[in-house]
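# Understanding the architecture of this molecule
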Amino acid sequence: MEEIKNDSLICNRDYAIIQKIGGMQLRLCRLISGQHVLIEKLSFDPTGAIGKPFGIFEVGTNGKSLSAIDSSQKCSFPLKYQIECDNLNSNDINSENSSSIEQKHLLTDVDIATLKSEGISTEKLVSKLINDRSQFSKEKYLRKMTKKHSGKVLISRPNIRLICQSYYNKDPERTSHLRSLDQLGLLLQLSAVHPCGCNIFVYENTLGILASAVMERLDNQGNCILLHRGDWPQSIPCIDAMNYRDKENFLPLRITTLLQPDLLKDEEESDQQKT
């Protein structure tokens, strides 16, 4: 049996991409043991995922525990409900339209909260809710309730595509409406960024996505000189998520230092006098 590499394990204080199963939101965040993570109203403590491979995890009661789920197992619901939904035809639809008003589920919000506190799984909870629905609405209701009460999260290793998609979905203006699948690749291609020992000057306003993409394309065979304002680049979260901050070929450079070469010399002399 092959040993799992360390870079495939979730480590404490490392960045990860979090997505709720059935949800649309992608979130880039740092996983810190004991500090809860919130994703689409689902809060959990990532301590249970530390030291385990990236993948799907089941959130326990009140988000205090995480248990890994085998990727080969499908998150399916009782077979009888799937068969009933798949076997719906036009005759069933017409008969349902002419039937009486659909019955609503009898479980109240208090009952649902009580079941969740008792640790009931998503499959069993949705099964209880769907029992009181008409056959015509079960398929749609199944998807809706699965998304609402899902307690599974996907923890993925950060990459340029997921980070760009996460930033774009949250606030595209902050990344200058940069898309990962077409625009970012076109920028790298037109800029002739290749792993051939070249030096690339980068001045960007995309929260570090462009700089990280350049670092990935160079593959330690060139230098990325990142121009920035202030004492430190604002794109550090993205750089840290890709583990490029400590790379020798990542060279942040302040614009004031570039425009005033004597400024760097004066700072070095002042540092020597202090020591």
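The notes below deal with the structure included here. (Residues numbered from 1 in each chain as written. Predicted model: local features only at pLDDT ≥ 70, side-chain atom pairs only at ≥ 80, totals over all residues. Heavy atoms only, no water.)

### Concerning the pattern of salt bridges
Note on pairing: side chains with opposite charge can pair once their charged atoms come close. Tallied over the full model, the rule gives three salt bridges. Linking Arg245 and Asp240 is a salt bridge whose minimum nitrogen-to-oxygen distance equals 3.2 Å. Arg245 sits in the partly exposed class, given a relative accessible area of 37%. (Salt bridge = Lys/Arg side-chain N within 4 Å of Asp/Glu carboxyl O. Buried < 20%, exposed > 50% of the residue type's maximum accessible area, 1.4 Å probe, protein only.)

### Remarks on helix α8 (residues 209–218)
For α8, a buried count of eight out of ten residues is recorded, marking the element as mostly surrounded by other parts of the structure. Taken as a whole, α8 has its buried residues at Ile209, Leu210, Ala211, Ser212, Ala213, Val214, Met215 and Leu218. Of the surrounding secondary structure, the elements contacted by the buried residues of α8 are α6 (160–170), α7 (180–190), β8 (199–202), β9 (223–228), α9 (236–241) and β10 (250–254). Two residues or fewer past α8, Asp219 is found with a positive phi of approximately 55°. (Helix = DSSP H or I, 4+ residues; strand = E, 2+ residues; numbered from the N terminus. Contact = heavy atoms within 4.5 Å.)

### Some points on the side chain of Ser156
Position of Ser156 among the secondary structure elements: in strand β7 (residues 152–156). Not counting chain neighbours up to four residues away, the residues in contact with Ser156 comprise Ala16, Ile17, Phe54 and Leu162.

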